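Structure assessment
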Amino acid sequence: MLEPLRQGLPPLNLAAASDAASCALHARYEAVREARQFTRATLDQWHMGDRFDDVCLVVSELVTNALRHALPSGAPRPSTPEPPVRLHLMRWTGRLVCAVRDPSDDSPVTRDPEDLSDDCSAESGRGLFLVDSFSDSWGWHPLAGALSGKVVWALFRHPSTADRPAPGL
């Protein structure tokens, strides 16, 4: 079990975000594909398509983990019309945060990288290792107030638009 992690995530004023977008995801297999499509469209709109591969891999892992571990198949589904998982993408100058909210209060569980290398045929268990490898930092925190559950986030640093070369150069 991981203690709530906030280190590596600079204080973020949500009101000061340059851009923000979010998408509700229903508990179904197509949700991961929908999250990738939403991420592609959002990053293209923000002229950040060059970051799609890394961001999309991390989004896929975070959404998969939320659907697989935060919504166990035997657990009763909430009767509210609100989908149980939500993907948030937020951009500030120099950084992008992907955050996935789910209804579980359980902390994310990481596996020891050495355990992963011992079992090359394992079909799961590498998600948070990949999130750690492809993002600049990641963590999670429990929700408070009227919302229950947690948010698992990943931060990507990126140059500001002014620092990037013009397309085609």
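Above: the structure in question.
An account of the accompanying structure is given in this report. (Residues numbered from 1 in each chain as written. Predicted model: local features only at pLDDT ≥ 70, side-chain atom pairs only at ≥ 80, totals over all residues. Heavy atoms only, no water.)

1. A word on the nonpolar core
Operational definition: What makes a nonpolar core is a set of buried Ala, Val, Leu, Ile, Met, Phe, Trp, Tyr and Cys residues whose side-chain atoms join them at distances within 4.5 Å. Remark: exposure states derive from per-residue accessible area (1.4 Å probe, protein chains only) relative to the maximum for the residue type, with buried under 20%, exposed over 50%, and partly exposed in between. By definition, residues are in contact when any of their heavy atoms lie within 4.5 Å.
With 32 residues, the main nonpolar core has Leu25, Val59, Val63, Leu87 and Leu96 as its most contacted residues. Ignoring sequence-local partners within four residues, the contact set of Val59 consists of Ala35, Thr39, Leu87, Leu89 and Cys98. If you look at the next biggest cluster of nonpolar residues, it comprises seven residues, including Trp92, Ala99, Val151 and Leu155.

2. With respect to the pattern of salt bridges
We apply this condition: Salt bridges, as used here, are contacts in which a Lys or Arg side-chain nitrogen is within 4 Å of a carboxyl oxygen on Asp or Glu. A helix here means a DSSP run of H or I that spans at least four residues, while a strand means a run of E at least two residues long, and both kinds are numbered starting from the N terminus.
Counted according to the given criterion, the structure contains four salt bridges. In this structure, the salt-bridge partner of Glu34 is Arg28, at a minimum N-O distance of 2.8 Å. Of the residues examined, Glu34 reaches a relative accessible area of 22% and is grouped as partly exposed. Judged by relative accessible area, which is 41%, Arg28 ranks as partly exposed. Among the ionic pairs, Lys150 bridges to Asp102, the shortest N-O distance being 3.0 Å. Here Lys150, found in strand 5 (residues 150–157), pairs with Asp102, found in strand 3 (residues 95–102); they are 48 residues apart in sequence, far enough to count as distant. Summarising the burial analysis for this pair, Lys150 and Asp102 share the class buried. Among the ionic contacts, a cluster of salt bridges with common partners joins Arg28, Glu30 and Glu34.

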